Amino acid sequence: MPTYAADYAASLADPAGFWSGQAARLTWQRDPPRPVLSQDEDTGFYRWFRGGRLNTSWLCLDYHVANGRANQPALHYDSPVTNVRRSYTYAELLDLTARLAGGLRAQGVGEGDRVLIYMPNMPEAVVAMLACARLGAVHSVVFGGFAPPELAVRIDDAQPRAIICASAGMEVDRPIPYLPLVREALALATHQPACVVVSQRDFCPAELPEVPATVAGEAAATAPRFVDYHELLQAAPVAAVPLDATAPLYILYTSGTTGRPKGVVREHGGHAVALRYSMGAVYGLKPGETMFSGSDIGWAVGHSYIVYGPLLLGATTVLFEGKPIRTPDAGTFWRLAADYGVHVLFTAPTAIRAIRKEDPEGRLARQYDLSRLRHLFLAGERCDPATYAWAGELLGIPVVDHWWQTESGWPMLATCMGYPDALPARAGSAGHPVPGYQLEILDEEGQPVPAGTTGLVALRLPLPPGCLPTLWQDDARFQQAYLDQFPGYYISGDGGYRDAQGYCYIMGRVDDVINIAGHRMSTGELEEVLAAHPAVAECAVLGLFDELRGQVPVGLVVLKDGQTLPEAELEQQLIQLVRSRVGAVACFRQAAVVARLPKTRSGKILRKTLRQLADGEEFTVPSTIDDPAILDEIRAVLTRRGMLKEIGGSQLDPSCLSS
Ligand code: COA
Ligand code: AMP
């Protein structure tokens, strides 16, 4: 049995050799020729397995059906919000996927076309992803909590030939009709897809328009057709198209530091190899076992560990439509684990904090048979040690905090539970680098810092398979955003440190990205929205500590001269503006009016100082500040609004810094 130490060393000493070995565990339609790692001539970007041919949908479905898993459950769908539970065997999932692929092909969708998917966690969404992959079409799933303008930006960037959406999603207390949101987005977008495929939901069916109401006359000729998803399923099944390993499988948009999201690209070959490897090495899961990832298919975790990872392995995945609490109670995750015999549960610390708040004694968990649950994996945000300890005591199993990003698509730091020599996980730490990742903590000059010193978390190039090769149609942005700062490194945007025993700690973003309940949001983007309000002269959005969600955004706004709009009224208008432009998921619920914002003498707003002030952390007043008295004014406003935290160190637990 390989050890972590040996595999880690081998993955750095000879990346091509190590990943060739992992690639050999998959069935290729054409084996990747050597060398399996190459660099693009024009950009110098690394590419894995160029010249190899395979199809991810085939590996996820056809391979298992042909190898004894036809009648094994591939997916359990459990939706307490719509009162539906349904299981699909590998054979059933293959049949649906092959027929939807046939239906999409009849609508003109082919290799290289983009397909935007705007659906909640429902089996039809998973089938849609796999059907696109089957055809070589590139899917881009957009999280349902994003508002139409966000959808429109993604439509214009990805230029999809088709959009597949649900007629509605279901939040805890209300249905969310999706089709009106899609039509609003289409009215805002320049690009129009050829068709919009709608999956009808019984609780909120949508009337499919002949032509969209927003276009008439000549424009109607370019307007999309609206088609019923279930009609497409009547098509004859089609076979998987053999694809080049470097063909894009999907684009997943994530927040950058500006309002324009970044289109992270994932390629068929590297993705399949990396995910298949991670299922065993990181999660310790075997074919035939069950994984439940409490995430949404709109996020990277959902792509990798609800859909592709478990299916590539031949495992069973649980697709859950609901929340960790209130659907109907804080015992839902434990019920799912018991009902489906889950071996590995993966969720965000926020979900555990929410469960803990509702059921601090863990009474609900004790009502269920959790004997098969081996590990609880947490990611999406740093897990505070208190939550970590609570979950560990409650479940009596190893709790593993592990670190990754949309860009990597699979964990970069973890305690790799598939290896016999995995060191025990430690509260506050995301573990050790996963084989393939050469992690360094760098100072501002790009030099490695000693153990215990906080710095920029960077990865030495080449990144292993599965990580983004570039951004969708934007090599220059990829280069500038991740590679330019220190040649030879990928810069993660996170800060952290490594202790003397090699455990790594990720302490938060060093850029203008904040993390709300494990969801990434750009303060710059929110500031653009606030600044669009006619009364606002300038503003700063800060990610402030929140007990449940880790961080929540709070706006500080300066009014234009002569503006007399009462603060409460302005606050409500700003909240509505963010909901309608970005979406409810931004959780923007507080804004305060201030007379001025602290800036450097060159005019840069001191956001970090503001956040530290509001979070009650100790800080030194920057020597570059224009007028230190502004900080006292802001403290007074935050105190008046009850926004000031009394106890500092909200994000950093001192015990983690004692290394
Ligand atoms: N479609 C439409 N609206 C959505 C949505 C979706 N798919 N998802 C969330 N929203 C809305 C919610 O209804 C809520 O709206 P409101 O302001 O009108 O109440 C808002 O966005 C915030 O959503 P959420 O953070 O889910 O709030 P909540 O109070 O319903 O639930 C938690 C709180 C903690 C239970 C929830 O945030 C959670 O489960 N967090 C863990 C998330 C996670 O797994 N993240 C990791 C992803 S890898
Ligand atoms: P996303 O791309 O949306 O998955 O967000 C990635 C970001 O979430 C990372 O850059 C980190 O800031 C944060 N993150 C994810 N996992 C962890 C973790 N285990 N510990 C600390 N931060 C994390």
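- As named in an unreviewed UniProt entry, the protein chain is AMP-binding protein, taken from Hymenobacter lapidiphilus.
- Quoted verbatim from the Sequence similarities (unreviewed entry) field of the UniProt record, the comment on the protein chain reads "Belongs to the ATP-dependent AMP-binding enzyme family."

1. Considerations on the overall build of the protein chain
So, step 1. Helix and strand counts for the protein chain come out as 18 helices and 31 strands.
So, step 2. By the compact-globule yardstick of 26 Å for 659 residues, the protein chain fits well, its C-alpha radius of gyration being 24 Å.
So, step 3. On the principal axes, the C-alpha backbone points of the protein chain span a range of 70 × 65 × 60 Å.
So, step 4. Residues counted as buried form 61% of the 659 residues belonging to the protein chain.
So, step 5. Partitioning the intrachain contacts of the protein chain with sequence separation of at least 6 by distance along the chain shows that 73% fall at a separation of at least 24.
So, step 6. Put simply, the protein chain shows about 24,700 Å² of open surface, and 50% of that area lies on carbon and sulfur atoms.
So, step 7. Each charge class in the protein chain was averaged separately, 57 positive and 72 negative side chains, and the resulting centres sit 2 Å apart.

2. A short note on the UniProt feature "domain: Acetyl-coenzyme A synthetase N-terminal" (unreviewed entry) in the protein chain
So, step 1. With numbering aligned to this structure, UniProt lists the feature "domain: Acetyl-coenzyme A synthetase N-terminal" (unreviewed entry) at residues 4–60.
So, step 2. Helix makes up 42% of residues 4–60 and strand 14%, whereas the separation of the span's terminal C-alpha atoms amounts to 26 Å.

3. Topic: the domain arrangement of the protein chain
A common way to state how big an interface is: give the accessible area lost once the parts meet.
So, step 1. Per the domain assignment, the segments of the protein chain are domain 1 (61–241) and domain 2 (517–657).
So, step 2. In this complex, domain 1 contributes eight residues to the contact, which on the side of domain 2 involves eight residues.
So, step 3. Taken together, both faces of the contact between domain 1 and domain 2 bury some 550 Å²; the carbon and sulfur share is 52%.
So, step 4. Among the residues of domain 1 in contact with domain 2, Phe146, Ala147 and Glu150 are the three that bury the most area, contributing 52% of the side total.
So, step 5. Taken together, the connections running from domain 1 to domain 2 amount to zero salt bridges.
So, step 6. Viewed at the interface, domain 2 and domain 1 are joined by one residue pair in polar contact (both at pLDDT 80 or more).

4. Some thoughts on the site of ligand 1
So, step 1. Taken together, 26 residues are adjacent to ligand 1, and Glu171, Lys323, Arg549, Arg579 and Arg589 come closest.
So, step 2. The separation between a nitrogen atom of ligand 1 and a polar main-chain atom of Gly145 is 3.5 Å.
So, step 3. In this structure, Arg579 approaches ligand 1 through a side-chain N or O atom, which is 2.8 Å from an oxygen atom.
So, step 4. Burial of ligand 1 by the surrounding chains reaches 85%, relative to a free accessible area of 940 Å².

5. Some remarks on the packing of helix H3 (residues 56–69) against helix H10 (residues 300–313)
So, step 1. Two elements in contact, H3 and H10, have axes whose closest approach is 8 Å; the angle formed by their N-to-C orientations is 45°. Overall, the two elements H3 and H10 adopt an arrangement that is oblique. Here H3 runs over H10; the crossing is left-handed. Counting all contacts with H3, which are made through Thr56, Leu59, Cys60 and His64, the residues of H10 involved are Tyr308, Leu311, Leu312 and Leu313.

6. Thoughts on the packing of aromatic side chains
So, step 1. With the rule as written, the count across this model stands at 29 aromatic pairs.
So, step 2. On the basis of an interplanar angle of 70° and a centroid distance of 6.1 Å, the ring pair of Tyr4 and Tyr419 is categorised as edge-to-face. You can see Tyr4 sitting in helix H1 (residues 4–13) and its partner Tyr419 sitting in the loop between strand S21 (413–414) and strand S22 (432–433), a full 415 residues away along the chain.
So, step 3. In this structure Tyr4 comes out as buried when scored by relative accessible area, which is 17%.
So, step 4. Ring plane angle 10° and centroid distance 5.2 Å describe the contact between Tyr482 and Tyr490, whose orientation is recorded as stacked. Each member of the pair, Tyr482 as well as Tyr490, carries the same accessibility label: buried.
So, step 5. Taken together, the aromatic side chains of Phe18, Trp19, Tyr277, Trp410 and Tyr437 make up a single cluster linked through ring pairs.
So, step 6. Directly above the aromatic system of Phe146 lies the positively charged group of Arg154, at a separation of 4.6 Å from the ring centroid.
So, step 7. A cation over an aromatic ring shows up here: Arg183 above the ring of Phe226, its NZ or CZ 5.9 Å from the ring centre.

7. Let's talk about the sheet that holds strand S26 (residues 504–509)
So, step 1. Taken in spatial order, the four strands of this open sheet run S23-S24-S25-S26, and their pairing is antiparallel. What marks the edges here is a single partner per strand, and that holds for strand S23 (439–442) and S26. The average angle at which neighbouring strand axes cross in this sheet is 50°, direction not considered.
So, step 2. Sheet topology places strand S24 (residues 455–460) next to strand S25 (residues 489–498); five bridges connect them, and they run antiparallel. Looking at S25, one finds that Arg460 is bridged to Tyr489.

8. Focus on the pattern of salt bridges
So, step 1. Going through the model one piece at a time under the given rule, you end up with 32 salt bridges.
So, step 2. Ionic pairing is found between Arg374 and Glu289, a salt bridge with its closest N-O pair at 2.6 Å. Placement of Arg374 in the loop between helix H12 (349–358) and strand S19 (375–378) and of Glu289 in the loop between helix H9 (268–281) and strand S16 (290–293) is noted, with a sequence separation of 85 residues between them.
So, step 3. Of the residues examined, Arg374 reaches a relative accessible area of 25% and is grouped as partly exposed.
So, step 4. Note that Arg607 is salt-bridged to Glu527, the shortest N-O span being 2.7 Å. A residue pair is termed long-range when its members are at least 10 positions apart, and Arg607 in helix H17 (residues 607–614) and Glu527 in helix H15 (residues 523–531) qualify at 80 residues.
So, step 5. When its relative accessible area of 21% is taken as the criterion, Arg607 is described as partly exposed.
So, step 6. Since its relative accessible area comes to 11%, Glu527 is described here as buried.
So, step 7. Put simply, Asp40, Arg47, Arg50 and Glu267 are held in one network by salt bridges that share partners.

9. Here we look at the site of ligand 2
So, step 1. Asp401, His402, Thr406, Asp494 and Arg520 are the nearest of the 14 residues found near ligand 2.
So, step 2. Note that a nitrogen atom of ligand 2 is positioned 3.4 Å from one of the backbone N or O atoms of Arg382.
So, step 3. In the environment of ligand 2, an oxygen atom lies 3.0 Å from a nitrogen or oxygen atom belonging to the side chain of Gln405.
So, step 4. A total of 490 Å² of accessible area belongs to ligand 2 in isolation, and the protein chains cover 93% of it.
So, step 5. Counted by class, the shell around ligand 2 contains three nonpolar, five polar and six charged residues.

Cut-offs used in this document
- All residue numbers here refer to positions counted from 1 along the written sequence of the relevant chain.
- Just so you know, chain letters begin at A and ligand numbers begin at 1, following the order they were written in.
- Residue-level local features of this predicted model are given only where pLDDT is at least 70; pairs of side-chain atoms are given and counted only at 80 or more, and the full residue set underlies all totals for whole chains, interfaces and linings.
- Side-chain figures throughout are based on the complete set of non-hydrogen atoms in the structure, without hydrogens or water.
- UniProt positions are given in the numbering used here, feature names are shortened, and annotations may be inferred rather than shown by experiment.
- Strands are runs of DSSP state E lasting at least two residues, helices are runs of H or I lasting at least four, and both sets are numbered from the N terminus onward.
- Here the globule rule reads 2.2 Å times residues to the power 0.38, and the radius of gyration is calculated from C-alpha atoms.
- When a residue's accessible area, from a 1.4 Å probe over protein chains only, is under 20% of the maximum for its type it is buried; when over 50% it is exposed; and in between it is partly exposed.
- Between two residues, a contact is recorded if the distance between any of their heavy atoms is within 4.5 Å.
- Exposure was quantified through the Shrake-Rupley algorithm and a 1.4 Å probe, taking into account, for residues, occlusion by the shown protein chains and nothing else.
- Counted as positive: Lys and Arg. Counted as negative: Asp and Glu. His and the chain ends are not counted at all.
- To locate a charge, the coordinates of NZ of Lys, CZ of Arg, CG of Asp or CD of Glu are taken.
- For each domain, the first and last residues come from an automatic or database assignment.
- Put simply, buried area is the surface a 1.4 Å probe can reach on two separate parts but cannot reach once they are joined, added for both.
- Criterion for a salt bridge: a side-chain nitrogen of Lys or Arg within 4 Å of a carboxyl oxygen of Asp or Glu.
- We call two N or O atoms a polar contact when they sit within 3.5 Å, provided that within protein one can donate a hydrogen and the other can accept it, with sequence-adjacent residues counted only if both atoms are side-chain atoms.
- Proximity criterion: a residue is near a molecule or strand once any of its heavy atoms comes within 4 Å of it.
- Here the axes come from fitting lines to C-alpha atoms, over the contacting stretch only for helices, and the angles between their N-to-C directions go from 0 to 180 degrees.
- Small angles under 35 degrees read as roughly parallel and large ones over 145 as roughly antiparallel, with 65 to 115 read as roughly perpendicular and the rest as oblique.
- Note on convention: near helix rotated counterclockwise from far helix by under a right angle means a left-handed crossing. Clockwise means right-handed.
- To pair, rings of Phe, Tyr and Trp, with the six-membered ring standing in for Trp, must have centres within 6.5 Å; the planes then decide the type, stacked if under 30 degrees apart, edge-to-face if over 60, and tilted in the middle.
- A positively charged side chain is recorded as over a ring if its NZ (Lys) or CZ (Arg) lies within 6 Å of the ring centre. The angle to the ring normal must also be within 35 degrees.
- We call two strands paired when DSSP finds no fewer than two bridges between them.
- Under the convention adopted here, Pro, Cys and the residues Ala, Val, Leu, Ile, Met, Phe, Trp and Tyr are nonpolar, Asp, Glu, Lys and Arg are charged, and Gly plus all remaining residues are polar.

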